[in-house]
Amino acid sequence: MAQVQRTGYEAKGLPMGAFTAFPKVSISAESNDNIYAQTRRPVEDVVWRVQPEVSVVSDWSRHSLSAFAKASINRYQDSDKENSEEYAVGADGRVDVRRTTRFTGGVSLTRATEPRTAANAVGAATVPTEYDVARSYVGGEQEFNRLMLSAKVGYETYDYSDVRSSPTTVIDQDYRDRKATELMGRADYSVSPDTALFVEITGNQRKYDQVRPRVALTRDSDGVTVLAGAKFDLTAVVRGEVSAGYLKQSFDDLSQKDISGLAVRTKLEWFPSRLTAITFSADRNVQDSALANSAALVSETVGVKLGHDLRRNVRLAADLGYGRDTYKDINRRDRVMSGGASATYLVNRNVGLSLSYNHMDRDIVRGTGVAYKVNKLLAALTLQF
């Protein structure tokens, strides 16, 4: 966030011909005072994590190719049923046809564990829900003097594993399996060297593997979001993107009403000094819901982050966030408040130490749901090369 240079503390990487590899591993211990995100009788535990990763980046003067692989081995000190292993692999590339024409593309595969604090988490499950996500995209950019046109097509598949609420009772998660396609088109017009106005249109299609009569609710939908705004980089003072517009999500199931209204996507970075950065963000969009009687929810979030470098190798950070989830066609609204602080000390270019605290508070403003508060304190050692 801050603009201070960290010469002497960045990873050098390992040369591999026309590529450079950047291996890293993080070892951490996290104290969590409510690992099941419960309203009453919270359970405390310590989570030990080992997170190796490696990225490989090309050193070419034109075009680019990168790949990554990372994993997280999570072990609970007392609650071993919460143990999990996660991983992700992927690659991205860019082809520079000429100075004003570029094509991009990428693929990734992720095995993840749904956090107990997630809005869609199954509270009755004896183990966390695991799921696989496969992603791919292709895109391109074309510049015409002050005008730049860009487009991107993305495709995702989600596959959720079943969980148990008891040794003999299985909670079927197949109704959440889906495929999502997104098509984005955008036009940016530069009104000055540091400011551009833009219009962006994004369409989406969400298709679920199970529909009526196999399930009580068909969750298939189609949507569109239209945004207009400005992107700017005003020297070292402020930079970012501000946009607002209109969104609509239409559902195949006639029992589910369409969602329409304001769309927002904003991120601003303000630099009061070369050592301090403050980031403001706001977002309003439509997300899928896993509740039995609601296909989607409107997510509204705002946040602020502060970063300050005491020295080149000492960074302090803090953040505050507020969110509201309003479920469609049922009388439920959740309020989520979060905050945290962290300190990072870079011993040298290969070793880093960090300490962080995070708080999350979910309140059910109306309707039925699980309210909870979670506090986490984490200490980590990071080794990079």
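This write-up is about the structure you can find in this document. (Residues numbered from 1 in each chain as written. Predicted model: local features only at pLDDT ≥ 70, side-chain atom pairs only at ≥ 80, totals over all residues. Heavy atoms only, no water.)

### What about the overall build of the protein chain?
Heads up, the condition is: Numbering of helices and strands runs from the N terminus, with a helix taken as a DSSP run of H or I at least four residues long and a strand as a DSSP run of E at least two residues long. Note on method: radius of gyration uses C-alpha positions; expected globular size equals 2.2 Å times residues raised to 0.38. Here's how the labels work: a residue is buried when its accessible area is under 20% of the maximum for its type, exposed when over 50%, partly exposed in between, all with a 1.4 Å probe on protein chains only. Throughout, a contact is declared for two residues whenever any of their heavy atoms are within 4.5 Å. Per-residue and other accessible areas were derived by the Shrake-Rupley procedure at a 1.4 Å probe size, with only the shown protein chains allowed to occlude residues.
A tally of regular secondary structure across the protein chain gives zero helices and 21 strands. Here the protein chain has a C-alpha radius of gyration of 23 Å; the compact-globule value for 385 residues is 21 Å, and the two agree. Dimensions of the protein chain along its principal axes, counting C-alpha atoms only, are 60 × 45 × 40 Å. Considering the protein chain as a whole, with its 385 residues, one finds that 35% of them fall into the buried category. When contacts within the protein chain are restricted to residue pairs at least 6 apart in sequence, those whose partners lie at least 24 apart make up 54%. Carbon and sulfur atoms form 58% of the exposed surface of the protein chain, whose accessible area is close to 20,900 Å².

### Focus: the side chain of Arg176
Take Arg176: it is sitting in the loop between β10 (169–171) and β11 (178–192). Dropping the residues within four chain positions of it, Arg176 is found in contact with Glu114, Asn120, Thr129, Tyr160, Tyr208 and Ala290.

### Regarding the nonpolar core
Our working rule: What makes a nonpolar core is a set of buried Ala, Val, Leu, Ile, Met, Phe, Trp, Tyr and Cys residues whose side-chain atoms join them at distances within 4.5 Å.
In terms of nonpolar packing, the biggest core is built from ten residues, these being Leu217, Leu227, Leu247, Phe251, Ile259, Ala263, Val286, Ala295, Ala296 and Val298. Residue assignment for this core shows that the elements contributing at least two residues are β14 (238–251), β15 (259–273) and β17 (296–311). Sequence-distant contacts of Val298, defined by excluding residues within four places in its chain, comprise Ile259, Arg284, Asn285, Arg324, Asp325 and Thr326. Counting residues in hydrophobic clusters, the runner-up holds five residues, among them Tyr131, Val133, Tyr158 and Tyr160.

### Points about the packing of aromatic side chains
Selection rule: Pairing of aromatic rings covers Phe, Tyr and the six-membered ring of Trp, with a centre-to-centre limit of 6.5 Å; geometry is then stacked below 30 degrees between planes, edge-to-face above 60, and tilted otherwise.
Counting across every chain of the model gives two aromatic pairs. An angle of 70 degrees between the planes, with centres 5.4 Å apart, marks the rings of Phe19 and Trp60 as edge-to-face. Within this pair, whereas Phe19 is found in strand β2 (residues 19–32), its partner Trp60 is found in the loop between β3 (45–58) and β4 (64–76), the two being separated by 41 residues in sequence. Given the relative accessible area of 23%, Phe19 is considered partly exposed. Taking the relative accessible area as the measure of exposure, Trp60 reaches 38% and is therefore partly exposed. Here the aromatic rings of Tyr131 and Tyr160 are separated by 5.0 Å at their centres, their planes lie at 20 degrees, and the arrangement is stacked.

### A closer look at the environment of Arg332
Locating Arg332 in the fold gives a position in the loop between β18 (314–327) and β19 (333–346). In this view, Arg332 contacts Leu291, Asp325, Thr326, Tyr327, Ile364, Arg366, Gly367, Thr368 and Gly369; residues no more than four positions away in its chain are not counted.

### Re a nonpolar patch on the surface
Put simply, the rule reads: Two joining distances apply to patches: 9 Å for like charges and 5 Å for nonpolar side chains (Val, Leu, Ile, Met, Phe, Trp, Tyr), and every residue must have over 30% relative accessible area and no salt bridge. What makes a salt bridge here is a side-chain nitrogen of Lys or Arg within 4 Å of a carboxyl oxygen of Asp or Glu, nothing more.
There is a patch of nonpolar side chains on the surface, built from Ile27, Val50, Ile73, Tyr345, Val347, Leu353 and Leu381 and spanning about 520 Å² of accessible area. With respect to the helices and strands, the residue Ile27 is situated in strand β2.

### Regarding empty space enclosed by the protein
The test is simple: Within this scheme a cavity is a closed region of a 1 Å grid, computed over the protein atoms alone, that accommodates a 1.4 Å probe without allowing it to escape, whereas a pocket is open but has protein on both sides within 12 Å along at least five of seven lines; lining residues each have an atom within 4 Å of a point. Grid points are joined across faces, edges and corners, and a volume is the space filled by probe spheres set on the points.
Taken as a whole and judged by the stated rule, the model has one cavity of 30 Å³ or more. In this model, the largest cavity occupies a volume close to 40 Å³. Contributing to the lining of the largest cavity are Glu114, Pro115, Arg116, Ala121, Val122, Ala125, Val127, Pro128 and Thr129.

### Concerning the environment of Ile259
Secondary-structure assignment places Ile259 in strand β15. Ile259 sits in the buried class, given a relative accessible area of 8%. Linking Ile259 and Arg335, residues 76 residues apart in sequence, is a C-alpha distance of 20 Å. Residues within four places of Ile259 in sequence aside, it is in contact with Leu247, Lys248, Gln249, Phe251, Val286, Ala296, Val298 and Lys328.

### Comments concerning unusual backbone geometry
Cis geometry marks the peptide bond from Arg212 to Pro213, where omega comes out at 5 degrees. Structurally, the position occupied by Pro213 is in the loop between β12 (195–208) and β13 (221–234). Phi is positive for His63, close to 65 degrees, though the residue is something other than glycine. Inspection of the secondary structure assignment puts His63 in the loop between β3 and β4. According to the relative accessible area criterion, His63 is partly exposed, its value standing at 29%. A positive phi is found at Asp329, a non-glycine position, where the angle reads about 65 degrees. For Asp329, the location among the structural elements is in the loop between β18 and β19.

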